[in-house]
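Spelled out from the first residue to the last, the chains are:
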Amino acid sequence: MDAILFFLFAAIAVVSAINVVVQRHPISSALSLVGVMGSLAVLYLLLGAEFIAAAQMIVYAGAIMVLFVFVIMLLNAGAEKSLRKGWVLTALAVPLLVLFLGLVSYIIQRGFPDAPLVKFGAFTGGGPKDVGAALFTRYLLPFEITSVLILIAIIGAVVLARKEME
Amino acid sequence: MPPLPIPSAVPLTYYLILSAILFALGVAGFLFRRSIITVFMSIELMLNAVNLTFVAFSYQHKQVDGHLFTFFVMVVAAAEAAVGLAIILTVYKNRGTLAVDEIDSLKL
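Every chain begins its residue count from 1, and numbering advances along the sequence as written. All chains are assigned letters beginning at A, and all ligands numbers beginning at 1, according to the order in which they are written. Where totals are concerned, whole chains, interfaces and linings use all residues; where local detail is concerned, this predicted model gives features only for residues with pLDDT of at least 70, and gives and counts side-chain atom pairs only at 80 or more.

A look at the overall build of chain A
Counting from the N terminus, the helices are DSSP H or I runs at least four residues long and the strands are E runs at least two residues long. Scanning chain A from terminus to terminus reveals six helices and one strand. Scanning chain A from its N terminus toward the C terminus, one meets helices and strands in the order α-α-α-α-β-α-α. Compactness check: chain A gives a C-alpha radius of gyration of 21 Å against a globular reference of 15 Å for 166 residues, more than 25% above the reference. With the C-alpha coordinates of chain A rotated into their principal frame, the extents come out at 60 × 50 × 25 Å. Backbone-placed C-beta atoms define the burial measure: a residue is buried with 20 or more other C-beta atoms within 10 Å of its own, exposed with 12 or fewer, and partly exposed in between. Residue burial in chain A is summarised as follows: out of 166 residues, 25% are buried. What counts as a contact is two residues whose backbone-derived C-beta atoms lie within 7 Å of each other. Considering only contacts within chain A whose residues lie at least 6 apart along the sequence, 63% involve residues at least 24 apart. Between the two quantities, the radius of gyration covers C-alpha atoms and the globule rule is 2.2 Å times the number of residues to the power 0.38.

Things to note about the confidence of the model for chain A
Model confidence for chain A is summarised by a mean pLDDT of 88, while 96% of its residues fall at 70 or above. In the model of chain A, strand S1 (residues 117-118) of chain A stands out as the element of lowest mean pLDDT, 82, in contrast to helix H2 (residues 26-46) of chain A, which has the highest, 93. What pLDDT expresses is the predictor's confidence in each residue, scored from 0 to 100.

Here we look at the confidence of the model for chain B
All names here are of chain B. Taken residue by residue, chain B gives an average pLDDT of 88. The fraction at 70 or more is 94%. Of all helices and strands in chain B, the one with the weakest mean pLDDT is strand S1 (residues 10-11) (86), whereas helix H2 (residues 36-61) scores best (93). In the predicted assembly, ipTM is 0.90 and pTM is 0.90.

As for the interface of chain A and chain B
Each partner contributes to the interface: chain A provides 71 residues, whereas chain B provides 60 residues. Counting only elements with at least two residues in the side of chain A that touches chain B, the list comes to helix H1 (2-22), H2, helix H3 (50-75), helix H4 (87-111), S1, helix H5 (128-135) and helix H6 (140-161) of chain A. Considering every element that reaches the side of chain A that touches chain B, the biggest residue donor is H3 of chain A, with 12 residues. The residue classification treats Ala, Val, Leu, Ile, Met, Phe, Trp, Tyr, Cys and Pro as nonpolar and Asp, Glu, Lys and Arg as charged. All others, Gly included, are polar. Across the side of chain A that touches chain B, the residue classes tally to 57 nonpolar, nine polar and five charged.

Considering the environment of Ala-122 of chain A
Residue and element names in this part refer to chain A. Within the secondary structure, Ala-122 is located in the loop between S1 and H5. Taking the C-beta count within 10 Å as the criterion, Ala-122 has 14 such neighbours and is therefore assigned partly exposed. Expressed as a C-alpha distance, the spacing of Ala-122 and Phe-51, which sit 71 residues apart in the sequence, is 16 Å.

A word on the nonpolar core
One nonpolar core equals one set of buried Ala, Val, Leu, Ile, Met, Phe, Trp, Tyr and Cys residues connected by C-beta atoms within 7 Å. One finds Tyr-44 and Leu-47 of chain A together with Tyr-15, Leu-22, Ile-37, Leu-45 and Val-55 of chain B to be the most contacted residues of the largest nonpolar core, which totals 65 residues. Residue assignment for this core shows that the elements contributing at least two residues are H1, H2, H3, H5 and H6 of chain A together with helix H1 (12-32), H2 and helix H3 (65-95) of chain B. Once residues within four sequence positions are removed from consideration, Tyr-15 of chain B is found in contact with Leu-43 and Val-118 of chain A together with Leu-52 and Ala-56 of chain B.

Some remarks on H4 of chain A
Note: α-helices contain 3.6 residues per turn, so residues at a spacing of three or four share the same orientation. To estimate the expected span of a helix, subtract one from its residue number and multiply by 1.5 Å. Helix length check: H4 of chain A, at 25 residues, gives a terminal C-alpha distance of 36 Å against a target of 36 Å (1.5 Å per residue), a fit within 8%. The bend at a residue is defined as the angle formed between two axes, one fitted to the seven residues ending at that residue and one fitted to the seven starting there. Roughly 25° is the biggest bend found in H4 of chain A, and it falls at Ala-93 of chain A, with proline Pro-95 of chain A one to four residues downstream.

See the structure below:
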């Protein structure tokens, strides 16, 4: 059952990611990216990361992608014309990408010969309680710095996006 | 009844390979797309691939630290999206285009 879920959602993620790259229209790319994020949330659940799975859906698919869709609609971005890179480069890119991925897969398989099997429920330390306990003890300083980062981002976004006062 | 061809569970390396595939597709989108918004979405795809690696290694070591790194990556991605999309809006307002090869004022 775990394997079926993994292969199903891994296939959805890869097909959606390919769709993100090949679609001409930004809205199609954005909706494909939501598909990637949703299937990744299921994979996080399989790995025992319940809190991260929920945060993935709420923050990534819910907030960030809505921001993207807003900007695409605000700018009325249409289908893009293809980048003129020459057909040789485009024809070389796909085999090189496949070759690179094959090499990386081989290295990963050789590097972890005794990798553990992923069983749902084998690791239960990823709930909100465990993540929150670690966040407010060992990772308290990065957490506080993150709040400053968010504040800077808010101010920066407002300053960049406002109308110029003459 | 013959056994099913699909194993009951997959090794952790499959998750790492999936993450590598997603990251490579993000790099491909970053290099080959022309619209600045899609380039930005490719960056988000790469961040997601790295998050999957963090969560997978967190599973292997039975520790929650990888989840926290993923959490911080999400926060940084949210901040980055807010500022980056504001920059995209400003660029479009000033230059009237979203094509990355037409925004070349810094080129000699």
